[in-house]
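Residue-level structural notes
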Amino acid sequence: MIAVTFAALFGHWWRNPLQLFTLLAGLALATALWSGVQAINAEARASYDAAAATLGEGQFDRLVRSDGQPIAQDTYIALRRAGWLVSPVIEGRVADARLIGLDPLSAPGGLTPVGLRNIGGLQDFIVTSGRIFAAPDVALDGAVSDPAIAPGTAIADMGTVQKLLDRPNELDALIVGPQQPLGQTSLDQIAPQLSRQVAQGGSDIGQLTDSFHLNLTAFGLLSFAVGIFIVHGAIGLAFEQRRATVRTLRALGVPLRLLVCLIGGELLGLALIAGAIGVGLGYLIAVFLLPDVAATLRGLYGAEVTGTLQLRPIWWATGMAIAVGGTGVAASTALWKLSRMPLLTGAQPRALAVIAGRGVKVQAAVSAGLLCIAFVLALTANGVVTGFVLLGALLIGAALGLPIVLRAVLGFAANCSHGVVSSWFWADTRQQLPGLSLALMALLLAMAANVGVSTMVSSFRLTFVAFLDQRLASELYVTAQSPEQAASLVDFVTPRVDVVLPIMSAQVKIAGRATDVFGARNHATYRDNWTFLTAGKTPWKDVHANVAILINEQLARGADLTVGDVVNVGEQPLTIAGIYGDYGNPIGQAIIAESLFQKLFPDVRPLRFGLRLPRKEVDELVKDLQSEVGFPTSSVINQAGIKAHSLAIFDRTFTVTTALNVLTLSVAGFAILMSLLTLTAMRVPQLAPAWAMGLTRAQLGRLELIRTVMLAVLTGAIALPLGLALAWVLLVVVNVAAFGWRLPMYLFPWDYAQLGVLAILAAGLAALWPALRLARTPPADLLKVFSNER
Amino acid sequence: MNVRLIALLLWLPAASLAQGFAGLGSSAEGFALPETNPTFTFPSDDGAHPDFRIEWWYLTANLTGDDGRDYGLQWTLFRTALTPTDGTGWSSPQLWMGHAAVTTPDAHFVTERLARGGIGQAGVTAQPFEAWIDEWTFSGPDSDAILRAAGPDFAYDMTLQATGPRVLHGDAGYSVKSAGGQASYYYSQPFFDIAGTLQLPSGDVTVTGNAWLDREWSSQPLGADQTGWDWFSLSFDDGSKLMGFLLRGDGDYSRATLIRADGTTVAYPDGAFNAEKIVQSQVAGRGVPTTWKVTLPDAGIDVVVSALNTQSWMDTSVPYWEGPVRVTGSHTGRGYLEMTGYE
């Protein structure tokens, strides 16, 4: 009996291959976007972990030579014999890979190749074969591949690397261990040529790049939600159309439980197939996007992410799980309805509308409830989690409310209309609405997401450009390699420029938070170009009177400070005279007067300088710096160059977002197409009377097209405010909670218009094929409606 | 990377399985082996013997502070060779490990260093005598040596003078460790006067006392079944000293050397020296005996040896117990106790 029943049920798909395709394709696409995004995120995180484990970058202080030359090995021994627990590191390039040499015995914990544990070969590493451990994307003869090593990197023993690079007795840096013994001789007495670079504790790569990954994940989730809408629609439709079969089977004696189990099992099987296809597609998406992501992360954050994708269980397993889970959620209502259905219910063609009518009140209530929650949260949300809950409530509430709003609009239009055709048109649209509502919800979400994210990105870009203008006010930036070179540079340029602005900073704790403190020279450049979020009456005057300090937004938010509060820099109390925006910086930043800075940090000698001079003299000065002072081009950067570079990186960041945007919109368009196609078959009985009364098939087809476009326009009209609300939440709640800085919101009507046109085009294209099919329906089919009253 | 694992690997040739405590029972494979009837030349044998797999310079001291309290001090330098080959610079197969500790009645401070051989970070020279690792040092002639070590929370700076001769253990320095015949070369310099300053978190303490240096080198000092040992160095108030060890394995194996005040020795065979645990303490999550009944009937020694501080656990890559002890019974005095292999 089971086999027969299953054949009867499954036969539905044979007869309606389009529905099967919709179901599989919708689920596969949704899973593909989700798992693609997760694959990218997982790969990036693995790279950060590998980098931290391999190189301990940012974890430990380092000793390097102030002039950038290699350190003599004797210096290392002398330091160790003076009680300095330091570990030597050497670095070079071999065959396009970064080769690092270290000493496993002295390296601080967590700084050695993981493979050393597995092979059990200190002997191999040090003595016998000089084993090299390399990341999987590195091709070196005889190297052992170890996925835990940072991308593009290979690690070997100090001796091995010195030999390979032909640099005997040379080291590049000494890593200072976290714990040092008592009675250490001071660095000046043993190795005065070395200086200590403090570990940048606040720039853990994972934290910096969180914004980027959050972005991607949000998109993945959104795409998945859109896809689930499609699946829900397809499953719902399949259930409706199998009602007759189910009735017959139950009348023949098949137990209800068996039916439910079989249908559930069938859906599970389809979900697994679709999930597998989706994971495969996701892999392709990730492979396609990963190099862009890697380049973006490298440019923006200096984070090395491998460009090759590895199959990690976390993303394909969660992809499959989410496909099965999503299908389960989508099918649960249908299965529940099935089990409650009276035995002899007819298979009514208007079943969908009928069902929809009953559920409308519930849906309206849920929608209103969610929107209320969203409103309350908008006033009170202050964390990342609550921010995302707010977003979810807003989006779902709006999506659920869409059909109700559309019904109301259509009802109003119907009342206003005169003439038979238009009355029929509005009534028919209202009747079709439940079938299309899921697709329209998907379109709404996709369009709102587009509006919201593009608003956020464009606001960001606009603010960023203004920010760069403010920060990069000098025409030329020069970096010296040593204090002596800096002094000679200053001597050389002073007569030729309007002013030399040294850039000097030290890291301290202000109000318990890690902060970079900068010293600013007293010059109009700052007064003219700096913009504050909030400030006292005379911020710069107070700063240069050595009584005040300026802090960035992150510090103000993080330590809950405002203008007028007093903070301590070391022992010096200073009043906060202004708070300025500092986008993208994860830690605090503060500015004090140059004279005060030199008093508090007498050891810091500036090596970077901003030079103000008339723009037309820039090129000549650059040439002279190279020829007369011997400054390499890499040490001299002009402002236009930096700005262009920064903007390019910024634009790259959002290439990926844009790609995902387009994909999501395509999924929504696909949803509309599928809905229309599946509904076409059921529309025949409703269209036959209209045809019989004189509307030609071509007119009917045209009306179909107009209907879909009109619905898309209405949806778009709702999507716009929804998208703006989304952008507002992202900028004001989520961004602030996640990163500590707030962006002002700007509107871009031209972008919205473009999006509207795109959406209408997508809807139109989606409706074209069904409309054509309708226009070509053989008259005989239309006539059959009247001979078989159904 | 877990430093424990590094050090564990130190004692493991990659090919063979670990045998005996800390792999010291693994076969010698190409390294030199001690032979019977050795002759020693000093001071050159104070230096390193790189043909042998494992070697140490092991100094322990019983001290009294100017506050009247008892203290204990340890300074150890281990050398191990990964392979019996030669190599210079970074490819030298020699690895060095240093342990330093100070024990007070209420506290025990430990620290460890690891260093590569061949580059000058650690090593031993015989003439002039200098044993060092990083800034730790034990150097100078017997008549006037200095001893220094430091950790993150303690340090010491001492001077030593030898007041007696070196002493050979076992059979003229050939010290058998098991019935299977595994042996090492083993001598001591137990007659050091030591004085200096201990730098502790509670403040500096000026101390004086006596120190004992153990020197041992071999390539397979233990039998494969031997899981650890209990080693006693006792200095009695009458000027004589006792070195005794008990190796625990399938059958226990013990040896002892009685050192008279004039520096002459009597070596005792397996079974003559007995040590029985009386009191067990919980140390670092393990049950470790901290009071022993030690008897050497052939020499009329029947004493109770108890730890000054039961928590003298050496929390190093290869962990063990080492601390100063008090001696009561037929003889009174002080000494040091080392216990390994208690898991």
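Residues numbered from 1 in each chain as written. Chains lettered and ligands numbered in written order. Predicted model: local features only at pLDDT ≥ 70, side-chain atom pairs only at ≥ 80, totals over all residues. Heavy atoms only, no water.

1. Here we look at the overall build of chain A
How we decide: Helical segments are the DSSP runs of H or I of at least four residues, strand segments are the runs of E of at least two, and each set is numbered from the N terminus. We call two residues in contact when some of their heavy atoms are within 4.5 Å. Note on areas: Shrake-Rupley with a 1.4 Å probe; residue coverage comes only from the protein chains shown.
Each helix and strand in chain A was counted, giving 24 helices and 20 strands. Across chain A, contacts joining residues at least 24 apart in sequence account for 80% of those joining residues at least 6 apart. Of the roughly 34600 Å² of accessible surface on chain A, a fraction of 62% belongs to carbon and sulfur atoms.

2. Digging into the overall build of chain B
The criterion, for reference: The cut-offs for exposure are 20% and 50% of the maximum accessible area for each residue type, with area from a 1.4 Å probe on protein chains only; residues under the lower value are buried, those over the upper are exposed, and the others partly exposed.
Looking only at helices and strands, one finds one helix and 23 strands in chain B. Within chain B, the fraction of its 343 residues that count as buried is 60%. If you take every contact in chain B between residues at least 6 apart in sequence, the share linking residues at least 24 apart comes to 57%. Entry remark: accessible area of chain B is about 12000 Å², with carbon and sulfur atoms responsible for 50%.

3. Re the nonpolar core
Residues and elements named next belong to chain A. The line we're drawing: Take the buried residues of types Ala, Val, Leu, Ile, Met, Phe, Trp, Tyr and Cys, join any two whose side-chain atoms come within 4.5 Å, and each joined set is a nonpolar core. What counts as a domain boundary in this text is fixed by an automatic or database domain assignment.
Within the largest apolar cluster, 83 residues are counted, with the highest numbers of intra-cluster contacts made by Leu440, Ile672, Leu711, Leu722 and Val729. Of all the secondary-structure elements, those providing two or more residues to this core are α2 (17-55), α9 (210-251), α12 (351-380), α13 (384-416), α14 (420-471), α21 (639-692), α22 (697-739) and α23 (749-775). When residues of this core are assigned to their parent elements, the largest contribution, 21 residues, is made by α14. When residues of this core are assigned to domains, at least three map to each of domain 1 (1-49 + 208-350) and domain 3 (362-467 + 654-790).

4. Quick look at the packing of α13 of chain A against α14 of chain A
Residue and element names in this part refer to chain A. Rules: Every angle, taken between N-to-C directions, lies between 0 and 180 degrees, and every axis is a line fitted to C-alpha atoms, over only the stretch in contact when it is a helix. For classification purposes, an angle smaller than 35 degrees is called roughly parallel, one larger than 145 roughly antiparallel, one from 65 to 115 roughly perpendicular, and anything else oblique. Take the far helix as the reference: if the near one is turned anticlockwise from it by less than a right angle, the crossing is left-handed, and if turned clockwise, right-handed. When residues are sorted by character, Ala, Val, Leu, Ile, Met, Phe, Trp, Tyr, Cys and Pro go into the nonpolar class, Asp, Glu, Lys and Arg into the charged class, and all the rest, Gly among them, into the polar class.
Two numbers describe how α13 lies on α14: the axes approach to 9 Å, and their chain directions differ by 155°. If you check the angle between α13 and α14, you find them roughly antiparallel. Of the two possible hands of crossing, α13 and α14 adopt the one that is right-handed. Contact with α13, carried on its side by Leu395, Ala398, Ala399, Leu400, Leu402, Pro403, Leu406, Arg407, Leu410, Gly411, Ala413 and Ala414, involves Trp426, Thr429, Arg430, Leu433, Ser437, Leu440, Met441, Leu444 and Leu445 of α14 and no other residues of that element. Each residue belonging to the contact of α13 with α14 can be placed in one class, and the counts come to 16 nonpolar, three polar and two charged.

5. Concerning a nonpolar patch on the surface
All names here are of chain A. This is how it is decided: For patch detection, residues must exceed 30% relative accessible area and be free of salt bridges, and they are connected within 9 Å for like charges or within 5 Å for nonpolar side chains (Val, Leu, Ile, Met, Phe, Trp, Tyr). What makes a salt bridge here is a side-chain nitrogen of Lys or Arg within 4 Å of a carboxyl oxygen of Asp or Glu, nothing more.
A surface patch of nonpolar side chains, about 730 Å² in accessible area, is lined by Ile273, Ile277, Leu281, Tyr283, Leu284, Val287, Leu311 and Trp316. When residues in the nonpolar patch are grouped by element, the largest group, six residues, is from helix α10 (residues 256-301). On the secondary structure map, tyrosine 283 appears in helix α10. Residue tyrosine 283 is classed as partly exposed on the basis of its relative accessible area of 31%.

6. Concerning the pattern of salt bridges
A side chain of one charge can pair with a side chain of the opposite charge if their charged atoms are brought near each other. Evaluation of the coordinates by the stated rule reveals 28 salt bridges over all chains. Between aspartate 103 of chain A and arginine 116 of chain B there is a salt bridge; the shortest N-O distance is 2.9 Å. Taken together, the residues span two chains, with aspartate 103 of chain A in the loop between β4 (97-102) and α4 (115-119) and arginine 116 of chain B in strand β4 (residues 108-116). With a closest N to O distance of 2.7 Å, aspartate 172 of chain A and arginine 167 of chain A form a salt bridge. The exposure class assigned to aspartate 172 of chain A is partly exposed, which follows from its relative accessible area of 27%. We classify arginine 167 of chain A as buried; its relative accessible area is 17%. Taken together, the salt bridges that share partners define one network made up of Arg80 of chain A together with Arg113, Asp134 and Glu135 of chain B.

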